Amino acid sequence: MEHRKISRAVISRLPRYYRYLGDLLEEGVERISSNDLSKKMHVTASQIRQDLNNFGGFGQQGYGYNVKYLYTEIGKILGLNKTHNFIIIGAGNLGQALANYASFERSGFVLKSLFDVNPRLEGVSIRGIEVRMMDELVDFLQNNEIEIAALTLPKSKAIEVADVLVENGIKAIWNFAHTDLNLPKDVIVESVHLSDSLMQLSYNISQREEGRKK
């Protein structure tokens, strides 16, 4: 496939395609048209075709899409045919919730350890994965092939910890801390601000209520 810039909007829809195609596989569906897929996903058939054409199309005229093949190919595009080792910094409620989410491993994301400053958490095991203290972090990074770090710690510590991670070879950060990270361009940062999602939900509720008053 020719390398070219793909818009973030298209990339953001790929995990959703992957999830729906996985559901179709579980239902025993072998092929599907863009029209039928659009009805399930509430995305226009034209949008689906345009999105997939960025990567070669995958469909056949008069046949539609082979579900298993398309699921596999989107998985490859998302890098899910590889293993990604990751760690979690911050073993509080959110960090432990992420650690308990076993579905990560089915997609190739392997949690290797959690780190925290709370001495009461030292040695605690979450699904067989040990919580270590922060003073062990640098040594752990230098002796393990860790690709991704998830930050689930207060924003006052996030920038400092992110700098340590980058200095020790981390190239991708999943940022749950309520702050933006200004890191080198070769470091990929995906920020998840949970309160922003709630605010968007609040906005939509408010708009609906305003619409009912009219």
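Structure shown above.
Remember, it's a predicted structure, so these values are computed and weren't measured experimentally. (Residues numbered from 1 in each chain as written. Predicted model: local features only at pLDDT ≥ 70, side-chain atom pairs only at ≥ 80, totals over all residues. Heavy atoms only, no water.)

1. Points about the pattern of salt bridges
And step 1. Applying the stated criterion across every chain yields a total of 6 salt bridges.
And step 2. With a shortest N-O distance of 3.9 Å, Glu190 and Arg8 are connected by a salt bridge. With Glu190 in strand E9 (residues 188-191) and Arg8 in helix H1 (residues 8-26), this residue pair connects regions lying 182 residues apart in the sequence.
And step 3. In this structure, Lys76 engages Glu73 in a salt bridge whose closest nitrogen and oxygen atoms are separated by 3.3 Å. Of this pair, Lys76 and Glu73 both sit in helix H4 (residues 67-77), 3 residues apart, which is roughly one turn of that helix.
And step 4. By relative accessible area, which is 17% here, Glu73 ends up buried. (Salt bridge = Lys/Arg side-chain N within 4 Å of Asp/Glu carboxyl O. Helix = DSSP H or I, 4+ residues; strand = E, 2+ residues; numbered from the N terminus. Buried < 20%, exposed > 50% of the residue type's maximum accessible area, 1.4 Å probe, protein only.)

2. Details of the sheet that holds strand E7 (residues 148-151)
And step 1. Taken in spatial order, the 7 strands of this open sheet run E5-E6-E4-E3-E7-E8-E9, and their pairing is mixed. Edge positions in the sheet fall to strand E5 (125-126) and E9, since each of these pairs with one other strand and no more.
And step 2. The pairing of strand E8 (residues 172-175) with E9 spans 4 bridges and is classified as parallel. The partner of Ala172 across the bridge, within E9, is Ile188.
And step 3. Relative to E7, helix H8 (residues 155-167) is tilted by about 170°, and along the sheet it contacts strand E3 (84-89), E7 and E8. (Pairing = 2+ DSSP bridges. Contact = heavy atoms within 4.5 Å. Axes fitted to C-alpha atoms, helices over the stretch in contact; angles between N-to-C directions.)

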